[in-house]
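# Summary of the model geometry
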Amino acid sequence: FLFTPWKKPAQPMRESAAEAGTMVPIALPFWRQSLVAGFSSDIDLWFVQALIGSAATGVYGAAAALAEITSFLFAALSRVLFPSVARAGAEHKEWLVARYASQGVRLAILVTALGAAVIAATGGAALALVYRPSYAEAAAPFAMLMVAAVGRIVYSTCSDVMMARGQRRLALTIIVATTVAEVILLAVVAPAGGPVAAAT
């Protein structure tokens, strides 16, 4: 759509190309953040499959899929956080940046804690309802993954605030460092403790 408009372009192609040239370098830090964060969110499932076996992977995968419900819900609610923080920062309203950031973290904790409470109350019944009774054994990793979702979403919220404030290198450094720590922990605990240890 940028380079091949349906009708006569409103501006010359060279201007569109120049805009694209400025947009790509700005977008790269966000692309790198999404790439590493996406890798980090699925690494535990890969370790379970590689080190524990395919039977455990199906059960763990079911738990992991349902545990992402609160993440999707929060993602829908948090889309306004980044532009709000960026605009407040551009207007030098530091008090407003702090308010948006704290509201985002509170919202993250509230949404995920509520989801974790529902899952803790239903446990294996929720898994049996969505999948089948044999998947009820995934209740323990499911509960741990729901609790972990609280930390992951607060972490994501803080990353969004840092990216909006221009602290992109620091945000990416933190994401990479925590991903490396996660890989090391999974390599140590997953073979010995199984799906519950991997979720923890």
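Described in the following lines is the structure provided in the data block. These figures come from a predicted structure and were not determined experimentally.

Rules used throughout
- Sequence order sets the numbering: in each chain, residues are counted from 1 along the sequence as written.
- Residues qualify for local features only when their pLDDT is at least 70, as the model is predicted, and side-chain atom pairs are given and counted only at 80 or more; totals for whole chains, interfaces and linings, by contrast, use all residues.
- To get the side-chain values, take all heavy atoms of the structure and skip hydrogens and water.
- Only DSSP runs of H or I with at least four residues qualify as helices, and only runs of E with at least two residues qualify as strands; both kinds are numbered from the N terminus onward.
- By definition here, a salt bridge exists when the distance from a side-chain nitrogen of Lys or Arg to a carboxyl oxygen of Asp or Glu is within 4 Å.
- Under the scheme applied here, a residue whose accessible area is under 20% of the maximum for its type counts as buried, over 50% as exposed, and between as partly exposed, the area being computed with a 1.4 Å probe on protein chains only.
- Nonpolar side chains (Val, Leu, Ile, Met, Phe, Trp, Tyr) are joined into patches within 5 Å and like charges within 9 Å, using only residues with over 30% relative accessible area and no salt bridge.
- Only the protein chains shown count as cover for residues, with accessible areas throughout obtained via the Shrake-Rupley method and a probe of 1.4 Å.
- Note on contacts: a residue pair is in contact if any heavy atoms of the two residues lie within 4.5 Å.
- Only buried residues count toward a nonpolar core. Its members are Ala, Val, Leu, Ile, Met, Phe, Trp, Tyr and Cys residues joined through side-chain atoms within 4.5 Å.
- For every element, the axis is a line fit to its C-alpha atoms; helices are fit only across the contacting stretch, and the angle between N-to-C directions ranges from 0 to 180 degrees.
- If an angle is under 35 degrees, it is roughly parallel; if it is over 145, roughly antiparallel; if it lies from 65 to 115, roughly perpendicular; otherwise it is oblique.
- Throughout this entry, Asp, Glu, Lys and Arg are counted as charged residues, while Ala, Val, Leu, Ile, Met, Phe, Trp, Tyr, Cys and Pro are counted as nonpolar. The remaining residues, Gly among them, count as polar.

Before going further, it helps to spend a moment on the environment of Gly58. One can find Gly58 in helix α2 (residues 54–67). In this structure the C-alpha to C-alpha distance between Gly58 and Val48, which are 10 residues apart in sequence, comes to 9.7 Å.

Our next topic: the pattern of salt bridges. One pass over the structure, following the stated rule, counts 2 salt bridges. When the shortest N-O distance is used, the salt bridge between Arg87 and Glu91 registers 3.2 Å. The class for Arg87 is exposed, based on a relative accessible area of 59%.

Together, Val176, Val180, Ile184, Val188 and Val189 give the surface a local cluster of nonpolar side chains, amounting to about 400 Å² of exposed area. Structurally, the position occupied by Ile184 is in helix α8 (residues 168–199).

With respect to the helices and strands, Glu182 occurs in helix α8. Not counting residues up to four positions away in its chain, the partners in contact with Glu182 are Ser40, Ile43 and Arg152.

We now examine the nonpolar core. Core analysis: the largest hydrophobic core is formed by 22 residues, its most contacted members being Tyr60, Leu127, Phe142, Leu145 and Ala198. For this core, the element with the highest residue contribution is α2, accounting for 7 residues. Setting aside chain neighbours within four positions, we find Leu145 in contact with Asp44, Tyr60, Ala63, Ala64, Ala67 and Ala199. If you look at the next biggest cluster of nonpolar residues, it comprises 8 residues, including Leu81, Leu96, Ala101 and Val161.

This part is about the packing of helix α7 (residues 139–164) against α8. Helix-helix packing is characterised by the crossing angle of the two axes and by the distance between the axes. The interhelical angle for the contact between α7 and α8, taken along N-to-C directions, is 175 degrees, at an axis separation of 11 Å. Taken as axis vectors, α7 and α8 run roughly antiparallel relative to one another. Only Arg168, Leu170, Ala171, Ile174, Ile175, Thr178, Glu182, Pro195, Val196 and Ala199 of α8 make contact with α7, whose side of the interface consists of Ala140, Pro141, Met144, Leu145, Arg152, Tyr155, Ser159, Met162 and Met163. Class assignment of the residues belonging to the contact of α7 with α8 gives a composition of 14 nonpolar, 2 polar and 3 charged.

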